[in-house]
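# Per-entry structural report
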Amino acid sequence: MTTPETAEVSLDSLIQGLRGFIESSDKYVDEINNMIIQRKRSLVVDFHDLLISNKDLADMLLERPQLVIQAGSEAVRQAITERDPELAKSVRNFYMRFRRLPESLPIRRLRSEVLGKLIMVEGIITRQTPPKHYLRKSVFRCSQCGYEVEIPQPTTGFVQPPKRCPKCGALNSMVFVEERSEFIDWQKIIVQEKPEELPPGQLPRSIEAILLDDMVDTVKPGDRVYLVGVMNLDLADLKKGKPPVVSSFMEVNYVESQQRELVEIEITPEDEKKILELSKMPDVRERIIKSIAPSIYGMEDIKEAIACLLFGGVPKVYPDGIRVRGGDIHILLVGDPGMAKTQLLRFVTKIAPGPYTPRVRAAQQPA
Ligand SMILES: [Zn+2]
């Protein structure tokens, strides 16, 4: 294998390689056609498919993601242009996004060595900003001669106008032109490690992640997600006279909610029969409570609360159709260390992973 860090690679050869990957696969040719029909801008690629088709490209993606993702986006544009040039012209940005990397790293173990690499993490979204507008490309115009220059925006820091006009040479004449500059949607989310990964007695850790363009608002607080992206440094933290310590954030390439998996759970006719039988038993309530974390002795009140949490409440709908409260039940466990709070939590996430009640209810809804 070539060592991707040192090998000289041209963007063109990467684009060619990724075009070849798309065109040689029925699955992704179909996806491209779907993108055209559904007016989508992102082609989502399973990492495994790329690995099987072109191992060098897959290795390169992990080591130098910025470059490969950029090439991928261009490859998608070319594939769309070939099939629907009108559409391709009307869309500013296409993206190639990657999902299902071979392993996901615990948020707690993200260290400096992952910077700049493509990684996958799992966690729960705890906060989300409203969408904002990210300046992706700045246009500066010379106030003397009207000459315009376009400068792509680096991930952090505001791009400075050129000192001199490249055409007429006037000093400090370049001014920012808002209406010609390119803005895309931007959203910051905070992703916290999963409670079952939390070592006892520790506070949960989290990372900041940035969603851009069509990824904005595809997930919401409470969702359990896989994030694929690149950890970047926030160089705006670097200031004269301060220690050179900076924080990092993830530039997200792909985010996927894990919620869907549970909706797809199949209840067989035998399951249904058993569930209906159980529902007719006079002591069904006690049975359910007893089945919560059976290895933990006592705590019946808490187990009852957990049982209620798993089933969820009833949403309140006013006569005018306005819903208040989703019917979700939240519980807060407070106690001394060693009181089995974490074990109880682990049990809950094992039988109903995810934002508990909505997922359980989703599984009960007939298709
Ligand atoms: Zn000028």
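So, here's what we can say about the structure. The shown structure was predicted, so the numbers you read here are calculated from the model rather than taken from an experiment. (Residues numbered from 1 in each chain as written. Predicted model: local features only at pLDDT ≥ 70, side-chain atom pairs only at ≥ 80, totals over all residues. Heavy atoms only, no water.)

### As for the overall build of the protein chain
- Scanning the protein chain from terminus to terminus reveals twelve helices and twelve strands.
- Among the 367 residues that make up the protein chain, the fraction classed as buried is 38%.
- Taking the contacts inside the protein chain whose residues are at least 6 apart along the sequence as the reference set, 64% of them involve residues at least 24 apart.
- Surface exposure of the protein chain reaches about 21900 Å², of which carbon and sulfur atoms provide 54%. (Helix = DSSP H or I, 4+ residues; strand = E, 2+ residues; numbered from the N terminus. Buried < 20%, exposed > 50% of the residue type's maximum accessible area, 1.4 Å probe, protein only. Contact = heavy atoms within 4.5 Å. Areas by Shrake-Rupley, 256 points an atom, 1.4 Å probe, with all protein chains shown as cover.)

### A short note on the side chain of E182
- Along the chain, E182 turns up in strand β7 (residues 182-192).
- Looking at E182, its side chain comes within polar contact range of the side chain of N93, at 3.3 Å.
- For E182, the residues in contact, after removing those within four places along its chain, are R92, N93, Y134, L135, R136 and K137. (Polar contact = N/O pair within 3.5 Å; in protein donor to acceptor, adjacent residues only side chain to side chain.)

### Points about the coordination of the zinc ion
- Taken together, C142 (SG), C145 (SG), C165 (SG) and C168 (SG) make up the full set of protein donors to the zinc ion, lying 2.2 to 2.3 Å away.
- In this structure, the zinc ion is coordinated by four donor atoms arranged in tetrahedral fashion, with angles at the metal of 107 to 114°.
- Sequence positions of the residues that donate to the zinc ion give the spacing C-x2-C-x19-C-x2-C.
- Residue C165 is classed as buried on the basis of its relative accessible area, which comes to 3%. (Donors = N, O, S within 2.8 Å, 3.2 Å for Na, K, Ca; no water. Tetrahedral: all angles 85-135°; square planar, octahedral: opposite > 155°, others 65-115°.)

### So, the packing of aromatic side chains
- Throughout the structure, instances matching the rule amount to two aromatic pairs.
- With 5.2 Å between their ring centres and 40° between their planes, F21 and Y28 make a pair best called tilted. Across the pair, Y28 and F21 agree in class, each one buried.
- The ring of Y95 carries R97 above its face, with NZ or CZ at 4.4 Å from the centroid. (Phe/Tyr/Trp six-rings, centres within 6.5 Å; stacked < 30°, edge-to-face > 60°. Lys NZ or Arg CZ within 6 Å of the ring centre and 35° of its normal.)

### Regarding the pairing of strand β3 (residues 118-128)
- Counting buried residues along β3, eight of its eleven residues qualify, which places the element largely inside the surrounding structure.
- Of the pairings in the sheet, the one linking β3 to strand β9 (residues 224-233) comprises seven bridges and is antiparallel in character. Opposite L118, over in β9, you have V230 as the bridge partner.
- Relative to β7, β3 runs antiparallel, the two sharing four bridges. Residue pairing in the sheet places I125 in a bridge with V191 of β7. (Pairing = 2+ DSSP bridges.)

### Remarks on the packing of helix α1 (residues 11-23) against helix α2 (residues 26-38)
- Relative orientation of the contacting elements α1 and α2 amounts to 95°, with a least axis distance of 6 Å. The angle between α1 and α2 places the two elements in the roughly perpendicular class. The segment α1 lies against α2, with F21, I22 and E23 engaging Y28, V29 and I32.
- Grouping the constituent residues of the contact of α1 with α2 by class yields five nonpolar, no polar and one charged. (Axes fitted to C-alpha atoms, helices over the stretch in contact; angles between N-to-C directions. Parallel < 35°, antiparallel > 145°, perpendicular 65-115°, else oblique. Nonpolar A, V, L, I, M, F, W, Y, C, P; charged D, E, K, R; others polar.)

### Observations regarding the pairing of β7
- Across five bridges, strand β4 (residues 132-142) lies against β7 in antiparallel orientation. Opposite K132, over in β7, you have W186 as the bridge partner.
- Relative to strand β8 (residues 206-212), β7 is paired through seven bridges, and the arrangement is antiparallel. Note on β8: the bridge partner recorded for Q192 is S206.

### With respect to the pattern of salt bridges
- Enumeration according to the criterion identifies 24 salt bridges in this entry.
- Its salt-bridge partner being R19, residue E82 comes within 3.5 Å of it at the nearest N-O pair. Separated by 63 residues along the polypeptide, E82 in helix α5 (residues 65-83) and R19 in helix α1 bring together distant segments of the chain.
- Residue R19 is classed as buried on the basis of its relative accessible area of 12%.
- Notably, a salt bridge pairs R83 with E23, separated by 2.8 Å at the nearest N-O pair. Of this pair, R83 sits in helix α5 while E23 sits in helix α1, and the two are 60 residues apart along the sequence.
- Given the relative accessible area of 31%, E23 is considered partly exposed.
- Several salt bridges share partner residues, and in doing so they unite K27, D46, D49, R99, R100 and E256 into one network. (Salt bridge = Lys/Arg side-chain N within 4 Å of Asp/Glu carboxyl O.)

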